[in-house]
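For reference, the chains in residue letters:
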Amino acid sequence: RHAVALAKEKGLLISLDPNLRKPLWPSEAAAREAMEWSLHQADIVKMSDEEMAFMWGLDAEEGARKLLEAYGVSLVYATLGPKGCHAVTKRASVTVNSPSGIHVVDTTGAGDIFGGSAMSRFLRCGKAPEDLTESELREIVSFACTAASLSTQKHGGITSVPELAEVEARRQEG
């Protein structure tokens, strides 16, 4: 909490992936309480549809709107597992499907690969989250969905991170 306070004091963006793992918490109530606090701190949130259902009983679109309106989040990536991602800011909204024809072997790390890939593309834009255009948001999410999908074709987390050339080649295929 101290690190978050210092980052906010310096005007830095706070990015959050709650990455809910129920067995790691003493209770579901404790997990909700910690997630609730952290969501109020974040500027950018990557949250799965399952986590939104856990927190509020909402689907991805409703959960994303709640994060924008009630929590003051600037950019939400509501991931939909193998279906893709619904992403929103106050001025743009996109839903991007994951690439087809993926033979899933292991999903370990796919969410983290999505988050890291989205962040790398977001930072390349050099804009505040709320200033992203629909086209820029679609580009970010498309890249992240492709990288995450490709990662599921290999075992492991770090070992499944695809090379940039592989992601770009798959995106060119359509």
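The structure presented is a predicted model; accordingly, all values stated were derived computationally and were not measured.

The rules behind each value
Residues numbered from 1 in each chain as written. Predicted model: local features only at pLDDT ≥ 70, side-chain atom pairs only at ≥ 80, totals over all residues. Heavy atoms only, no water. Salt bridge = Lys/Arg side-chain N within 4 Å of Asp/Glu carboxyl O. Helix = DSSP H or I, 4+ residues; strand = E, 2+ residues; numbered from the N terminus. Buried < 20%, exposed > 50% of the residue type's maximum accessible area, 1.4 Å probe, protein only. Axes fitted to C-alpha atoms, helices over the stretch in contact; angles between N-to-C directions. Parallel < 35°, antiparallel > 145°, perpendicular 65-115°, else oblique. Left-handed = near helix turned anticlockwise from the far one by under 90°. Contact = heavy atoms within 4.5 Å. Nonpolar A, V, L, I, M, F, W, Y, C, P; charged D, E, K, R; others polar. Core = buried A, V, L, I, M, F, W, Y, C linked by side-chain atoms within 4.5 Å. Phe/Tyr/Trp six-rings, centres within 6.5 Å; stacked < 30°, edge-to-face > 60°. Lys NZ or Arg CZ within 6 Å of the ring centre and 35° of its normal.

Undergrad: Help me understand the pattern of salt bridges, please; the structure alone is not making it clear to me.
TA: Oppositely charged side chains are able to pair whenever their charged atoms sit close together. Taken as a whole and judged by the stated rule, the model has 11 salt bridges. For lysine 154, the salt bridge identified is with glutamate 166, shortest N-O distance 3.8 Å. Here lysine 154, found in the loop between helix 6 (134-151) and helix 7 (164-173), pairs with glutamate 166, found in helix 7; they are 12 residues apart in sequence, far enough to count as distant. Between arginine 170 and glutamate 173 there is a salt bridge, and its shortest N-O distance comes to 3.6 Å. Linking arginine 170 with glutamate 173, this pair stays in helix 7, spanning three residues, or about one helical turn. Here arginine 170 falls in the buried class, since its relative accessible area comes to 14%. Salt bridges here are not isolated pairs; linked through shared partners, they connect Arg121, Glu139, Glu168 and Arg171.

Undergrad: Looking at this structure, how should I read the packing of helix 6 against helix 7?
TA: The geometry of a pair of packed helices is captured by two quantities: the angle between their axes and the separation between those axes. Viewed as axis vectors pointing N to C, helix 6 and helix 7 meet at an angle of 110 degrees, and their least axial separation amounts to 9 Å. If you check the angle between helix 6 and helix 7, you find them roughly perpendicular. The two elements helix 6 and helix 7 meet at a crossing, and its hand is right-handed. Contacts from Glu139, Ser142, Phe143, Thr146, Ala147 and Leu150 in helix 6 reach Leu164, Glu166, Val167, Glu168, Arg170 and Arg171 in helix 7. A per-class count over the contact of helix 6 with helix 7 returns five nonpolar, two polar and five charged.

Undergrad: What exactly am I supposed to notice about the nonpolar core here?
TA: A general tendency of soluble globular proteins is for nonpolar side chains to be buried together. Residues Leu39, Val45, Met47, Trp56, Leu67 and Val76 are the most contacted members of the largest nonpolar core, which totals 22 residues. Not counting residues within four places of it along the chain, the set of residues in contact with valine 45 comprises Leu16, Leu39, Leu67, Val73, Leu75, Val76 and Tyr77. Within the second largest apolar cluster, 18 residues are counted, among which are Leu75, Tyr77, Val94 and Phe114.

Undergrad: Could you clarify how one ought to interpret the packing of aromatic side chains in this entry?
TA: Both the distance between ring centres and the angle between the ring planes are used here to describe each pair of aromatic rings. The full count for this structure, using the stated rule, is two aromatic pairs. Seen from their ring centres, tryptophan 56 and tyrosine 71 are 5.6 Å apart, and the 50 degrees between their planes marks the pair as tilted. Taken as a pair, tryptophan 56 in helix 3 (residues 49-56) and tyrosine 71 in the loop between helix 4 (60-70) and strand 3 (75-79) lie far apart in primary sequence, 15 residues in all. Residue tryptophan 56 is classed as buried on the basis of its relative accessible area of 18%. A relative accessible area of 9% places tyrosine 71 in the buried class. Stacked on the ring of tryptophan 37, the Lys or Arg arginine 1 has its end atom at 4.1 Å from the ring centre. Sitting above the plane of the phenylalanine 143 ring, arginine 121 keeps its charged end 3.7 Å from the centroid.

Don't take any of this as a statement about function, it's just geometry.
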